[in-house]
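Structural characterization, general
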Amino acid sequence: WNSILEVDSLSVTYETPTGGVQALRDVSLSLETGETVGIVGESGSGKSTLALSLLQYLDDNGQVTNGSIQFKDREIQNLPKVELQNLRGKQIAHVPQDPNTSLNPSLCVGEQISETIREHEDVTNQEARERMHEILKTVRIGDPEYNAERYPHELSGGMQQRVLIAMALSCNPELLILDEPTTGLDVTTQAKILDLIQELKDSFDTAIILITHDLSVIAETCDRVTILYAGEVMEQGPVTEIFNNPANPYTQGLLAAIPRVKEDRKLNPIPGKIPDLTEISDGCIFAERCEFSERDCKSGEITTEVVDERTNHQTRCRRWSDAIEDPIEPDIE
Ligand code: ATP
Ligand code: MG
């Protein structure tokens, strides 16, 4: 058992003038060395909050109210400041959701990468520059020497994403967190970035957390997947299990909503919207939108149930065997 990250019963609340937003509730997740885990869910399901809490990067009004986060058997929440600084970037690298906020507009990109390397490692300027050119080559930036001298605004969205991934990889992190790395890019560029992630996966030993709202991205790149809904893990397990044998109506709904042009399926989003996270009621968080829900789904605590122990496939649903028997199918028009 060589898990490098172990998140257990994590809950996060944001204090706001209108009440506490319970953005994550009882989230558990584990990651092994070299493994790629996808986190998927609709907007507002808590994906970024989960990523940020792993590095103690939550906004000031956000707070972990319960649970533990262990990175290589050490509790992140208790780390002294110096060690936390050392962890960030060096051992766990994070590419945040909005690339514009993470690149300095007044510094050429090569310099930004070299700076990151020098920050974390005791190297000469010359060594840092060489490493920077090397890593730009790794992310297939094309003519690293030329592009290193470019400023962020001179690069396309896809190139900027490559620079951010380069920056994240520059200190050989053990865990790489990518928050929506393909959002906002055109389809061709998206495919190229996914290819790059696939290559990195094959050639580095880095564990990856890949956050996306797009299940087809997960299918292409991940070993395991965690399905989040309104701050709770609805289902998790190996990608093949979740896609072939989804044991949660929410997952089934998401899968049915994937447009498949070839078969002329129309995008068929799950009706309804995420509930108000300031007032969490008893029972299943998805019950209001669920076509399998029965009266008892709306009361009591819904616990995680094991679908298959061998593959560690879990679901948070009382009706999961009904759902498996008669799954939600996409509307074919
Ligand atoms: P998206 O797909 O849009 O990026 P997400 O899954 O990353 O969504 P989060 O950004 O983690 O979702 O947000 C989870 C919930 O927490 C949402 O209801 C959001 O409005 C709320 N939230 C996030 N940050 C704050 C904050 N600083 N203060 C108050 N509420 C917040
Ligand atoms: Mg997000």
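Residues numbered from 1 in each chain as written. Chains lettered and ligands numbered in written order. Predicted model: local features only at pLDDT ≥ 70, side-chain atom pairs only at ≥ 80, totals over all residues.

1. Remarks on the overall build of the chain
Across its full length, the chain carries 12 helices and 12 strands. For the chain, whose C-alpha radius of gyration is 21 Å, the value lies close to the compact-globule estimate of 20 Å for 333 residues. With the principal axes as the frame, the chain shows a C-alpha extent of 65 × 50 × 45 Å. For the chain, long-range pairs separated by at least 24 residues make up 65% of all intrachain contacts whose partners lie at least 6 apart in sequence. (Helix = DSSP H or I, 4+ residues; strand = E, 2+ residues; numbered from the N terminus. Rg over C-alpha atoms; globule rule 2.2 N^0.38 Å. Contact = placed C-beta atoms within 7 Å.)

2. Details of the confidence of the model for the chain
Confidence along the chain averages 92 in pLDDT terms, with 96% of residues attaining 70 or more. Scored as a whole, the predicted complex attains pTM 0.94, and scored at its interfaces, ipTM 0.99. (pLDDT = per-residue confidence, 0-100.)

3. Some remarks on the site of ligand 1
What surrounds ligand 1 is a group of 18 residues, the closest being Tyr14, Ser43, Lys47, Ser48 and Thr49. Of all elements in the fold, only strand E1 (3-16), strand E2 (19-32) and helix H1 (47-54) reach the threshold of two or more residues within the shell around ligand 1. Ranked by residues supplied to the shell around ligand 1, first place goes to H1 with 3 residues. Its residues assigned to classes, the shell around ligand 1 comprises 4 nonpolar, 12 polar and 2 charged. (Near = placed C-beta within 6 Å. Nonpolar A, V, L, I, M, F, W, Y, C, P; charged D, E, K, R; others polar.)

4. Describing the sheet that holds strand E3 (residues 36-40)
Ordered in space as E6-E7-E8-E3-E9-E10-E12-E11, the 8 strands form an open sheet in which the pairing is mixed. Lying at the two open borders of the sheet, with one neighbouring strand each, are strand E6 (92-95) and strand E11 (305-308). Neighbour-to-neighbour, the strand axes of the sheet open up by a mean angle of 20°, direction not taken into account. Of the strand pairs in this sheet, E3 and strand E9 (residues 224-229) are connected by 4 bridges, and their pairing is parallel. Bridge pairing in E9 places valine 37 opposite arginine 224. (Pairing = 2+ DSSP bridges. Axes fitted to C-alpha atoms, helices over the stretch in contact; angles between N-to-C directions.)

5. Describing the packing of helix H4 (residues 109-120) against helix H5 (residues 125-138)
Look at H4 against H5: their axes get within 9 Å of each other, and the N-to-C directions meet at 120°. The angle between H4 and H5 falls in the class oblique. As H4 runs across H5, the sense of the crossing is right-handed. Residue-level contacts link Gly110, Ile113, Ser114, Ile117 and Arg118 of H4 to Ala128, Arg129, Arg131, Met132 and Ile135 of H5. (Parallel < 35°, antiparallel > 145°, perpendicular 65-115°, else oblique. Left-handed = near helix turned anticlockwise from the far one by under 90°.)

6. Details of the pairing of strand E10 (residues 232-238)
For E10, the tally of buried residues reaches 6 of 7 residues, placing the bulk of the element in the interior. Between the end of E9 and the start of E10, which pair antiparallel, lie 2 residues, with alanine 230 showing a positive phi angle near 45°. Alignment of E10 against strand E12 (residues 313-315), held across 2 bridges, turns out to be antiparallel. Of the residues in E12, the one forming a bridge with glutamine 236 is glutamine 314. (Buried ≥ 20, exposed ≤ 12 C-beta atoms within 10 Å, placed from the backbone.)

7. Brief notes about the sheet that holds strand E5 (residues 74-75)
In space, the 4 strands of this open sheet follow the order E2-E1-E4-E5, with antiparallel pairing throughout. The open sheet has two edge strands, E2 and E5, and neither has a second partner.

8. Some remarks on the environment of histidine 313
Structurally, histidine 313 can be placed in strand E12. Judged by C-beta crowding, with 20 C-beta atoms within 10 Å, histidine 313 ranks as buried. Considered as a pair, histidine 313 and glycine 237 are 76 residues apart in the sequence and their alpha carbons are 4.2 Å apart. In this view, histidine 313 contacts Gly237, Pro238, Glu241, Ala247, Val307 and Asp308; residues no more than four positions away in its chain are not counted.

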